[in-house]
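Residue-level structural notes
In case you want the letters, here they are:
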Number of protein chains: 2
Amino acid sequence: VFLELDGRGSRQAQLTRALKAAVLAGRLPSGTRLPASRALAGELGLSRNTVTASYEELAAEGFLQARVGSGSFVAPIPGHEAAAQRADATPGASASQPLSQFAQRAREAYRRPLAGAGLGELPFNLQYGLPLTNPALTTAWRRELAHAAAYTSPNYPEAAGRADLRAAVCDYLARRRGLQADPDDVLIVSGTQEAVALSARVLLDPGDRVVLEDPHYVAMWRAFVAHGAQVDTVPVDDDGLVCERLPDVPPRLVCVTPSHQFPLGSVLSLPRRLALLRYAHMHGSWILEDDYDGEFRYGGAPIAALRSLDAHDRTLYVGTFSKALFPALRMGYLVVPRALREPFRMAKQLSTFGTPAIDQAALARFIQSRGFERHLRRAAQALRTRRAALLAGLREHAAGVVEVRDSQAGMHLVAWLRGFDDARQDALIEAARARGVGLHPIAPCYLSAPPRPGLLLGYGGVSPKEIEVAMARLGQALACV
Amino acid sequence: VFLELDGRGSRQAQLTRALKAAVLAGRLPSGTRLPASRALAGELGLSRNTVTASYEELAAEGFLQARVGSGSFVAPIPGHEAAAQRADATPGASASQPLSQFAQRAREAYRRPLAGAGLGELPFNLQYGLPLTNPALTTAWRRELAHAAAYTSPNYPEAAGRADLRAAVCDYLARRRGLQADPDDVLIVSGTQEAVALSARVLLDPGDRVVLEDPHYVAMWRAFVAHGAQVDTVPVDDDGLVCERLPDVPPRLVCVTPSHQFPLGSVLSLPRRLALLRYAHMHGSWILEDDYDGEFRYGGAPIAALRSLDAHDRTLYVGTFSKALFPALRMGYLVVPRALREPFRMAKQLSTFGTPAIDQAALARFIQSRGFERHLRRAAQALRTRRAALLAGLREHAAGVVEVRDSQAGMHLVAWLRGFDDARQDALIEAARARGVGLHPIAPCYLSAPPRPGLLLGYGGVSPKEIEVAMARLGQALACV
């Protein structure tokens, strides 16, 4: 029999695979006597041990039978040969079989691109969401992980998250976000995306209505669209979500970024906060409060979380460590109304069984020891410097052209382009790209048409020096378009 | 105005909360002048700084207005008072609002208990799934984590998983499981549960049919039921899934444990492997191969993965590190057919955005450096000793009563109880519990009635010495029932 080894993996694995294929294809019918191991080894240039081991493997799996004193024979495989011919004559239904509706909707949702994608190869990429690199944090986190690895139980963690981390999150929220929460209200998740996906699963059936702000975070929109929700959008102005525009047909869920609208930066005003809470209470809607970078503010007092004003327990509060620490961590939390504790724990357990325990233990200790808040102070100082460099650079190199929407918070600014049309914006982005500067339009964040061309300038992932160079090159790019 | 501090959090937070509540309830109507900070501080026994800071916080959030020279006044909140009265008159729809159908089905699914739950407080808990504690592994893992923390990019990891880990998984599968896979076929997930939940989302609409073995892993059943799938079961015998009993109405998905049936331990025979693959090919069904503890075998050659025989690319192969390493890690992998690569990546990204990157990097290096396989050899040796202690203890203390179904693999045995009825089995479990020994019936793993009373004896989480004591006490318990 002709055996061809395919060169993938060990020689034994190749031989075993080749022999199986020959048996299954009928080239070695049942009852065939295989060559003696020494002979086959010589023929194929293998060691005899390799052939013997392969024969043993095939015997253990039922392909061969050894008969004492007379060698190895291909085993009968009842029903195989006739059935294999039938199966080959019947084309499998695989090609025509559709994926689930979820998978089909997901594919549709991915046609809408994420804002700020691509351009990762440029030396000066002003992309929103890039982490602030920070050697002190790397050192501290490494220490916490090593410590946690030594004492964390190797068993399954609680589905809702470790009790120490849930308590630490509550302490932090009370101190920094004016939010009183019970550790039993907290669910540790892998970040905003998991919080949104779980909320969709627990609260929404396909066809149910969700309200998003417009503009918004595209990955959140994708999650709801893939889930099958009917997404309505409500515009945003300088006071945040325009509550008067909330739909008359009440949604099951309203998603807002009240502390720092994404991406425009406005703060939801007190009258609107109260109006939104009333709306949710009257219509039986839930509110998802995404506090995606509430940690970093550069002026004024921090604004308490919307949830802290909610007398009727309709608000789900989502926080992430992707901005406050770094996205590779994949950790965040969801504070849920009391009525939703149990359904969310079940949904989390059904989905992943729980979040990695050593990471959780390390984070709990980092928060409890106040290392986290020390890091936040350092990070806020670094971000403040970067932000100042960006504002100074825009004043120096783009005065009169860009109009900055300054939000006193976060890790990005919105720069509207005065008197630009889309073609000129695209030309600017291209001219900047040719100079190594990654600029990202704000348009993908809008489901409707944006009011005018503008850029979303992230400063978390670039140093002050890099920002200075990037702004000078932006000035050159502006001179060409 | 009467202000009561609630004692939760800092004094400033308490005062701010009390003042907000008074404003929102109308006890401090708009235009009301607040007491001077010094006066209020004296009245409430607070420092004046606390009161001033609280007033500033309230002003920033829009509750108060400061007028130069004349103090702080409650701000007008347009529309609040009248609207609040209307809202109070309208009972919220919250109480009557149902959760999603997913959440309702999840609640139903959780009525069926997990096998082996509870009894965690007992000193000799023979629960399946408890990890093998291993100081050498803790040390090695701590070192890998610390190393990975220092060099892993802090940015979002790829949704499918880090390329180094996917490649390491493919090397491992080729060497140990006879499985040739392309790193692009691999999705890093948090374990079997996430693999199952993602498969349900990508492949099944509510109402679609799934086949599970009976008995099976209850958490998998729960995931499909919560997803809304129609679950059919097919019995298992000494050759694994009885393929002739596969339903005539073809399911979208057939879930099997071919290397080591859970929990009975049988190995799916070669004729049935081929029959199952033909069935899937002819009917356009997918197969989910759960290789939950394929790493540990104590006799005979390892059996190659079912997927390695699949010429038509219908098999999803699931592996977990919960048994080979430890469950707190929350890491596993899914090898998918080529046609499903993209939908699974999308589903994973929509669900969690990706698996924690430092953990992935640590695991990739642990596998590449062969530290993982060194650990597996040590762990297999330790498990072999435990298994021998369990078998010896059963022979000594339970001879004639238990009939062991010995599977030559894994971290548990099934012990059928000869001549027991359910009442006597329950009495035995209770008598053992009273002696500190945790015994777990096999019945919860069955959706149908089990053939007779039996126990699922896990030996991963108990030392040989503990097993010896536990068996002696089992003997005492048997003497009482």
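Our structure's up above, just so we're on the same page.
Below is a summary of the structure that appears in this document. Here, residues in each chain are numbered from 1, in the same order as that chain's written sequence. Each chain is given a letter, starting from A, and each ligand a number, starting from 1, according to the order in which they appear as written. Confidence filtering applies because this is a predicted model: local features only for residues at pLDDT of at least 70, side-chain atom pairs given and counted only at 80 or more, and all residues used for totals across whole chains, interfaces and linings. Think of the side-chain values as coming from all heavy atoms in the structure, minus any hydrogens and water.

**Quick word on the sheet that holds strand β9 (residues 286-290) of chain A**
Residue and element names in this part refer to chain A. Heads up, the rule is: At least two DSSP bridges between two strands are required for those strands to pair. A helix here means a DSSP run of H or I that spans at least four residues, while a strand means a run of E at least two residues long, and both kinds are numbered starting from the N terminus. The contact criterion used is simple: two residues touch if any of their non-hydrogen atoms lie within 4.5 Å. Structural elements are reduced to axes, namely lines fitted to C-alpha atoms, with helices fitted over the stretch in contact, and the angle between N-to-C directions of any two is expressed from 0 to 180 degrees.
The strand order β4-β11-β10-β9-β8-β5-β6-β7 describes an open sheet built from eight strands, whose pairing is mixed. Lying at the two open borders of the sheet, with one neighbouring strand each, are β4 (186-189) and β7 (240-241). By the bridge criterion, four bridges tie β4 to strand β11 (residues 332-335) in an arrangement that is antiparallel. Within β11, the position partnered with Ile188 by the bridge is Tyr333. Along the sheet, helix α9 (residues 218-227) makes contact with β5 (209-214), β6 (230-237), β8 (253-256) and β9, crossing β5 at roughly 165°.

**Remarks on the interface of chain A and chain B**
We apply this condition: Buried area: the sum, over both parts, of the accessible surface (1.4 Å probe) that disappears when the two are put together. We define a salt bridge as a side-chain nitrogen of Lys or Arg found within 4 Å of a carboxyl oxygen belonging to Asp or Glu. For this analysis, a polar contact is any N or O atom pair within 3.5 Å, provided that within protein one partner can donate a hydrogen and the other can accept it, and provided that sequence-adjacent residues contribute only side-chain to side-chain pairs.
Taken together, the contact between chain A and chain B spans 104 residues of the former and 104 residues of the latter. For the pairing of chain A and chain B, the buried interface totals around 8800 Å² over both sides, and the portion due to carbon and sulfur atoms is 63%. Taken together, chain A and chain B are joined by zero salt bridges. In this assembly, chain A and chain B are joined by 27 residue pairs in polar contact (both at pLDDT 80 or more).

**Concerning a positive patch on the surface**
Residues and elements named next belong to chain A. Rules: Patch construction takes residues with relative accessible area above 30% that form no salt bridge. Like charges are linked within 9 Å, and nonpolar side chains (Val, Leu, Ile, Met, Phe, Trp, Tyr) are linked within 5 Å. Each accessible area is a Shrake-Rupley result for a 1.4 Å probe, and residues are judged covered by the shown protein chains and nothing else. In summary, the charge assignment counts Lys and Arg as positive and Asp and Glu as negative, without counting His or the chain termini. Working definition for charges: the position is that of NZ of Lys, CZ of Arg, CG of Asp or CD of Glu. Residue burial is assigned from relative accessible area. The probe radius is 1.4 Å, only protein chains are included, and a residue is buried under 20% of its type maximum, exposed over 50%, and partly exposed in between.
Taken together, the side chains of Arg143, Arg374, Arg377 and Arg378 define a basic patch exposed on the protein surface. It is helix α14 (residues 371-398) that contributes the most residues to the positive patch, three residues altogether. Mapped onto the elements, Arg143 comes out in helix α6 (residues 135-151). Residue classification places Arg143 among the exposed residues on the basis of a relative accessible area of 51%.

**A word on the packing of helix α7 (residues 163-177) of chain A against α14 of chain A**
Residues and elements named next belong to chain A. To keep things clear, this is the line we draw: With respect to orientation, any angle under 35 degrees is reported as roughly parallel, any angle over 145 as roughly antiparallel, any angle of 65 to 115 as roughly perpendicular, and every other angle as oblique. Take the far helix as your reference; a near helix turned counterclockwise from it by less than a right angle gives a left-handed crossing, and one turned clockwise gives a right-handed crossing. Here the term charged refers only to Asp, Glu, Lys and Arg, the term nonpolar to Ala, Val, Leu, Ile, Met, Phe, Trp, Tyr, Cys and Pro, and the term polar to all other amino acids, Gly among them.
Running from N to C, α7 and α14 cross one another at 40°; their axes reach a closest spacing of 12 Å. On the basis of their axis angle, the class for α7 and α14 is oblique. In this structure, α7 crosses over α14, and the sense of that crossing is right-handed. On the side of α7, the interface is formed by Tyr172, Arg175 and Arg176, while α14 contributes Phe372, Glu373 and Leu376. Split into classes, the residues belonging to the contact of α7 with α14 amount to three nonpolar, no polar and three charged.

**What to know about the state of the cysteines**
Residues and elements named next belong to chain B. Using the following cut-off: Cysteine sulfur pairs qualify as disulfides if the two atoms are within 2.5 Å.
A complete count under the given rule lists zero disulfides over all chains for this structure. For Cys255, which is in no disulfide, the shortest distance to another cysteine sulfur is to Cys243 and amounts to 14 Å. For Cys255, a relative accessible area of 4% puts it in the buried group.

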